[in-house]
Amino acid sequence: MTIDYIEEIKKLKKEKNAVILAHFYQEAAIQDIADYVGDSLGLSKKAAETNAEMIVFAGVHFMSETAKILNPDKKVLLPDLDAGCSLADATPVSEFKKFIEAHPGYKVITYINCSAEVKALSDIICTSSNAVKIVNSLPKEQKIIFAPDKNLGRFVMKETGRDMVLWNGACVVHEAFSMDKLITLKQKHPEAVIVAHPESEDHILKTASYIGSTTGLLNYVKNSKEKEFIVATEAGILHKMSSDNPDKVLIPAPSKEDNTCACAECHFMKMNTMEKLYRCIKNETPELKLSKELIEKAYLPIKKMLDISA
Ligand code: 13P
Ligand code: SF4
């Protein structure tokens, strides 16, 4: 018997008073069935304000951890617990702790793409949509460690004119854009406007007319009078972008790797499938669990971020 995942998930959501939060990099069917689709900041805000009893997070591990930290008494589910992130992987907690100890007097601003343990060692969390604001919220003379994304860190340094000590992490997806292929593509489409996510490398960002978070990119393309865009971020964003802009030509920026879609795909994000989502709500597993002590420590820098970006 084949299962109608859409109908079954809708039924289960109602029965269990569950909310599905999904990131823009999820596969199209998951975005379509979600109650809310957003960028990391939007998803954190939604997680903080939901009345649902159960949160099903169609995203990656650090996102569902953030939802759990904001809702310690709720059941938080993630369709695949192995859906990680190269930025989180690049920041082992013991090494990060030593790095912080080697920089006394520095405030630690950490990108939300990190583990709960790393959050617990940080002063303020940020996302790509509020990183500039968070850095600017500290006095000019304050010395700052920015982790784990060096590309976002460099972008924020340029935007704020401040010097920061950067951790050496990167997103495997955004580092995979090919400059050579991008130049060839732009030659073929001279009218196309390049937009990019700040996790991309500096040489890619230099070609972009607009740099922003996934929500920022979606808003920019929607409000622009231009008709053709080359989009340098994970290809899942094209689902929402094309439904918002049926009359515009949207071209995914080319990846160095010759993969099936010739574009950038996050294999962590794509670990979630409709089948896993269905089984996860039905069986209420896998469940994200964190100790009370870790939740309390990791909550403080997230709360600071939410207060600054309210
Ligand atoms: P945003 O949606 O916050 O821009 O984050 C992008 C990303 O890479 C999430 O993993
Ligand atoms: Fe992590 Fe990059 Fe995937 Fe986002 S796109 S989850 S930053 S590996």
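Rules used throughout
- Residues numbered from 1 in each chain as written.
- Chains lettered and ligands numbered in written order.
- Predicted model: local features only at pLDDT ≥ 70, side-chain atom pairs only at ≥ 80, totals over all residues.
- UniProt positions renumbered as here; feature names shortened; annotations may be inferred.
- Helix = DSSP H or I, 4+ residues; strand = E, 2+ residues; numbered from the N terminus.
- Rg over C-alpha atoms; globule rule 2.2 N^0.38 Å.
- Buried ≥ 20, exposed ≤ 12 C-beta atoms within 10 Å, placed from the backbone.
- Contact = placed C-beta atoms within 7 Å.
- Domains from an automatic or database assignment.
- Nonpolar A, V, L, I, M, F, W, Y, C, P; charged D, E, K, R; others polar.
- Near = placed C-beta within 6 Å.
- Pairing = 2+ DSSP bridges.

An unreviewed UniProt entry lists the protein chain under the name Quinolinate synthase, with Abyssalbus ytuae as the source organism. Turning to the protein chain, the UniProt annotation filed under Function (unreviewed entry) states: "Catalyzes the condensation of iminoaspartate with dihydroxyacetone phosphate to form quinolinate." As recorded by UniProt, the Pathway (unreviewed entry) comment attached to the protein chain reads in full: "Cofactor biosynthesis; NAD(+) biosynthesis; quinolinate from iminoaspartate: step 1/1."

A.B. asks: Before we go on, may I ask you to explain the overall build of the protein chain in this structure?
C.D. replies: The helix and strand inventory of the protein chain stands at 15 helices and 12 strands. Taken against the 2.2 N^0.38 rule, which gives 19 Å for 310 residues, the C-alpha radius of gyration of the protein chain at 19 Å falls within 12% of a compact globule. Here the C-alpha coordinates of the protein chain stretch approximately 50 × 50 × 35 Å along the principal axes. The buried share among the 310 residues of the protein chain stands at 46%. Partitioning the contacts of the protein chain with sequence separation of at least 6, the portion at a separation of at least 24 is 64%.

A.B. asks: Can you walk me through the domain arrangement of the protein chain in this structure?
C.D. replies: One can read the domain layout of the protein chain as domain 1 (5-84 + 269-289), domain 2 (87-170 + 296-308) and domain 3 (174-252). Relative placement of domain 2 and domain 3: their C-alpha centres are 26 Å apart. Domain 2 puts 9 residues into the contact, and the matching count from domain 3 is 13 residues. Here the residues of the side of domain 2 that touches domain 3 sort into 3 nonpolar, 4 polar and 2 charged.

A.B. asks: Help me out: how do you make sense of the UniProt feature "binding site: [4Fe-4S] cluster" (unreviewed entry) in the protein chain in this one?
C.D. replies: In the numbering used here, UniProt assigns the "binding site: [4Fe-4S] cluster" (unreviewed entry) feature to Cys85, Cys171 and Cys266. The greatest C-alpha distance among the residues just named is 9.3 Å, despite their covering 182 residues of sequence, which places them together in space. When you line up the elements, Cys171 lands in the loop between strand 8 (165-166) and helix 10 (179-188). In this structure Cys171 comes out as buried when scored by C-beta crowding, with 26 C-beta atoms within 10 Å. Aside from chain neighbours lying at most four places away, what touches Cys171 is Ser86, Leu87, Asp149 and Glu199. Relative to the helices and strands, Cys266 resides in the loop between strand 12 (249-252) and helix 14 (274-283).

A.B. asks: Help me understand the site of ligand 2 in this model?
C.D. replies: The local shell around ligand 2 holds 14 residues, among which Cys85, Ser86, Cys171, Val173 and Cys266 are the closest. When its residues are assigned to classes, the shell around ligand 2 shows 10 nonpolar, 2 polar and 2 charged.

A.B. asks: Is there a simple way to think about the sheet that holds strand 5 (residues 107-111) in this case?
C.D. replies: Sheets are built from strands that pair by backbone hydrogen bonding, the pairs being arranged parallel or antiparallel. Pairing within the open sheet is parallel, and its 4 strands lie in the order 6-5-7-8. A single partner strand is all that each edge strand has here, and the edge strands are strand 6 (124-126) and strand 8. When strand 5 meets strand 7 (residues 144-147), the two strands line up parallel, connected through 4 bridges. When the sheet's bridge partners are listed, Lys107 is paired in strand 7 with Ile144.

A.B. asks: Even after reading the chapter, I still don't get the site of ligand 1, so can you show me in this structure?
C.D. replies: Around ligand 1, the neighbouring residues are Asp39, Ser40, Asn113, Thr127, Ser128, Ser129, Cys171, His197, Glu199, Ser213 and Thr214. Broken down by class, the residue content of the shell around ligand 1 amounts to 1 nonpolar, 8 polar and 2 charged. When we break the shell around ligand 1 down by domain, the ones giving at least three residues each are domain 2 (87-170 + 296-308) and domain 3 (174-252).

A.B. asks: I tried to follow the sheet that holds strand 9 (residues 193-196) on my own but got confused; where do I start?
C.D. replies: In space, the 4 strands of this open sheet follow the order 10-9-11-12, with parallel pairing throughout. One side of each edge strand has no neighbouring strand; the edge strands of this open sheet are strand 10 (210-211) and strand 12. Looking at chain direction, strand 9 and strand 10 are connected through 2 bridges and run parallel. Residue pairing across strands places Ala196 opposite Ile211, the latter belonging to strand 10.

A.B. asks: Sorry if this is basic, but what is going on with the UniProt feature "binding site: iminosuccinate" (unreviewed entry) in the protein chain here?
C.D. replies: Feature annotation in UniProt assigns "binding site: iminosuccinate" (unreviewed entry) to the following positions: His23, Ser40, Tyr111, Ile112, Asn113, Ser128, His197, Pro198, Glu199 and Thr214. Those residues in contact with His23, other than ones at most four positions away along the chain, are Leu43, Gly59, Met63 and Met269. When residues no more than four places from it in sequence are discounted, the contact partners of Glu199 are Ser128, Asp149, Asn151, Leu152, Cys171 and His174.

A.B. asks: Can you walk me through the pairing of strand 5 in this structure?
C.D. replies: Consecutive residues of a regular strand have side chains that alternate between opposite faces of the sheet. Most of strand 5 is tucked away, with 4 of its 5 residues classed as buried. Direction of pairing for strand 5 relative to strand 6: parallel, over a ladder of 3 bridges. Residue pairing for strand 6: Tyr111 is matched across the bridge by Cys126.

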